[in-house]
2 protein chains.
Amino acid sequence: MDVKFNNRDPVYVQVIRHFKEQIAKGYYVAGQEIPSRRELANQLKINPNTAQRAYKEMEEQQLIYTEGNLPSCITKDEKVLKNVREELIIEAVDLFVGSIQSINVPLSEVLELVKKTHDAKSGETEESK
Amino acid sequence: MDVKFNNRDPVYVQVIRHFKEQIAKGYYVAGQEIPSRRELANQLKINPNTAQRAYKEMEEQQLIYTEGNLPSCITKDEKVLKNVREELIIEAVDLFVGSIQSINVPLSEVLELVKKTHDAKSGETEESK
DNA sequence: ATTTGTGTATTAAGGTCTTAATACACATTA
DNA sequence: TAATGTGTATTAAGACCTTAATACACAAAT
């Protein structure tokens, strides 16, 4: 468990995104326990309060749930879980298309670059095996 | 001149991005005058200090220049201007590819969605003519 | 000369984000 | 019973962003 933080977005937002990515990849399944606030804070080297803030919002988004003072768990609502992946994809596509169109670049002109970049980055991750 | 602001990024950052998009689209050319700090603030309904902050950073990035107390102008360095467009494109592509890969979605699986979204959004802008 | 419009600078206040230091209730474990 | 680990909550401080209210030097226009 390690997360690469950027300096633009609030840490608690990036933590939420991290969990969404894990869910989208199937690394977290329905009902699975997640680290405690304090443990997550240790792992990511952030403040426990920031971890708590992320968890609190994930709870409001129905992504996780907490019963009493047991460790929080990933939601058992499969519909919600499936939605996470789809929303991340739609978000990425919308952002990309919006960026390209805001500078009047024809899609056909960048598709090749997308493929090239994708292959190059895939190469990177393969090499680290 | 109108800019759609989001609530995530600092306003001065979004202002800089707006100018970069205008340059990338060729709406601003080398040496062209840009609105004064106060005028821009009026147009975008932001604080003059925020406009000043954006201009100050664009100056540090060599995007604009100011002589004495004349209105600031777009840089005459064509190399810088050309770079703006390329960097915006690379940034958009990298962000998109990174997002897709962080959730293990094969590129082939989203290319169709990209095209569909692109066409749909083009339709929107066409209709507003 | 006065007014207006540049760029530039300073100070103050309020909001958000983050860290920090605690505190409490509850359940499990030693 | 005492210690530990949960979730939850409060208060305080500092950093950054934004707005606000001014102020000053300079140049052009009236």
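What you are looking at is a predicted structure, and each value in this text was computed from that prediction instead of being measured. Position numbers for residues start from 1 in each chain and track the written sequence from start to end. Think of it this way: whatever chain is written first is A, whatever ligand is written first is 1, and the rest follow in order. Where local features are concerned, this predicted model is filtered to residues with pLDDT of at least 70; where side-chain atom pairs are given and counted, the filter is 80 or more; whole-chain, interface and lining totals use all residues. As a rule here, side-chain values cover all heavy atoms of the structure and leave hydrogens and water aside.

Novice: For this particular structure, what's the right way to read the relation of the copies chain A and chain B?
Specialist: At an RMSD of 0.0 Å, chain A and chain B line up after a rotation of 180 degrees and a shift of 0.0 Å along the axis. With respect to symmetry, the two chain copies, as superposed, fit the operation of a two-fold axis. Measuring from the rotation axis to each C-alpha of chain A, the shortest distance belongs to F96 of chain A, at 2.9 Å. When the copies are overlaid, the least-squares fit takes in C-alpha atoms only where the residue has pLDDT of at least 70 in both copies.

Novice: Mind showing me how you'd approach the nonpolar core here?
Specialist: The tendency in soluble globular proteins is for nonpolar side chains to be buried side by side. The definition of a nonpolar core used throughout is a set of buried Ala, Val, Leu, Ile, Met, Phe, Trp, Tyr and Cys residues joined through side-chain atoms within 4.5 Å. Relative accessibility decides the category of a residue: with a 1.4 Å probe and only protein chains considered, values under 20% of the type maximum give buried, values over 50% give exposed, and everything between is partly exposed. With 70 residues, the main nonpolar core has F19 and F96 of chain A together with F19 and F96 of chain B as its most contacted residues. If you count residues domain by domain, this core takes at least three from each of domain 1 (11-77) and domain 2 (80-127) of chain B. Among all residues touching F19 of chain B, those that are not within four sequence positions of it are Y28, I34, L40, Y55 and M58 of chain B. An automatic or database domain assignment supplies the start and end points of every domain. Note on contacts: a residue pair qualifies if any of its non-hydrogen atoms lie within 4.5 Å across the two residues.

Novice: Hey, could you run me through the protein's contact with DNA strand C in this one?
Specialist: Only a single heavy atom is needed: when it lies within 4 Å of a molecule or strand, its residue is near that molecule or strand. By nearness alone, 20 residues border DNA strand C, and P10, V11, N49 and N69 of chain A together with R37 of chain B come closest of all. Across the atoms of DNA strand C situated within 4 Å of the protein, the share located in sugar and phosphate is 60%. In the analysis that follows, any N or O atom pair within 3.5 Å is treated as a polar contact, provided that within protein one partner can donate a hydrogen and the other can accept it, and provided that, for residues neighboring in sequence, both atoms belong to side chains. At 3.4 Å from a phosphate oxygen of DNA strand C is found a side-chain nitrogen or oxygen belonging to Y12 of chain A. Within the side chain of R37 of chain B, one N or O atom sits 2.4 Å away from a phosphate oxygen of DNA strand C. In this description a helix means any DSSP run of H or I spanning at least four residues, a strand means any run of E spanning at least two, and both kinds are numbered starting from the N terminus. Those elements giving two or more residues to the surface near DNA strand C turn out to be α1 (11-24) and α3 (48-60) of chain A together with α2 (37-44) and α3 (48-60) of chain B. Here the surface near DNA strand C gets three residues from one element, more than from any other, and that element is α3 of chain A.

Novice: Would you mind going over the pattern of salt bridges with me for this structure?
Specialist: It is possible for side chains bearing opposite charge to pair when their charged atoms get close. Salt-bridge detection follows one rule: a side-chain nitrogen of Lys or Arg within 4 Å of a carboxyl oxygen of Asp or Glu. Overall, the coordinates contain eight salt bridges over all chains when judged by the stated rule. Close ionic contact of R85 of chain A with E109 of chain B constitutes a salt bridge, the shortest N to O distance being 3.7 Å. Placement of the pair is R85 of chain A in helix α4 (residues 78-102) and E109 of chain B in helix α5 (residues 107-127), with the two residues belonging to separate chains. Two residues, R17 of chain B and E21 of chain B, come together in a salt bridge whose shortest N-O distance is 3.1 Å. One end of the pair is R17 of chain B and the other is E21 of chain B, both in helix α1 (residues 11-24) and four residues apart, which spans about a single turn. One connected set of salt bridges, linked through shared partners, spans R17, E21 and E91 of chain A.

Novice: Just to check I follow, could you spell out the packing of helix α2 (residues 37-44) of chain A against α3 of chain A for this structure?
Specialist: Any two packed helices are characterised by the angle at which their axes cross and by the distance between the axes. All names here are of chain A. For helices, the fitted line uses only the C-alpha atoms of the stretch in contact; every axis is such a line through C-alpha atoms, and the angle between N-to-C directions lies from 0 to 180 degrees. For the pair α2 and α3, the least separation of the axes is 8 Å and the interaxial angle reads 120 degrees. The angle between α2 and α3 falls in the class oblique. The interaxial crossing formed by α2 with α3 has right-handed handedness. Residue-level inspection shows R37, L40 and A41 of α2 in contact with α3, the latter providing P48, A51, Q52, Y55 and E59. We call Asp, Glu, Lys and Arg charged. Ala, Val, Leu, Ile, Met, Phe, Trp, Tyr, Cys and Pro are nonpolar, and the rest, Gly among them, are polar. Split by residue class, the contact of α2 with α3 holds five nonpolar, one polar and two charged. Oblique is the label for any angle not under 35 degrees, not over 145, and not in the 65 to 115 range, which are roughly parallel, roughly antiparallel and roughly perpendicular in turn. With the far helix as reference, a near helix turned anticlockwise by less than a right angle produces a left-handed crossing, and one turned clockwise produces a right-handed crossing.

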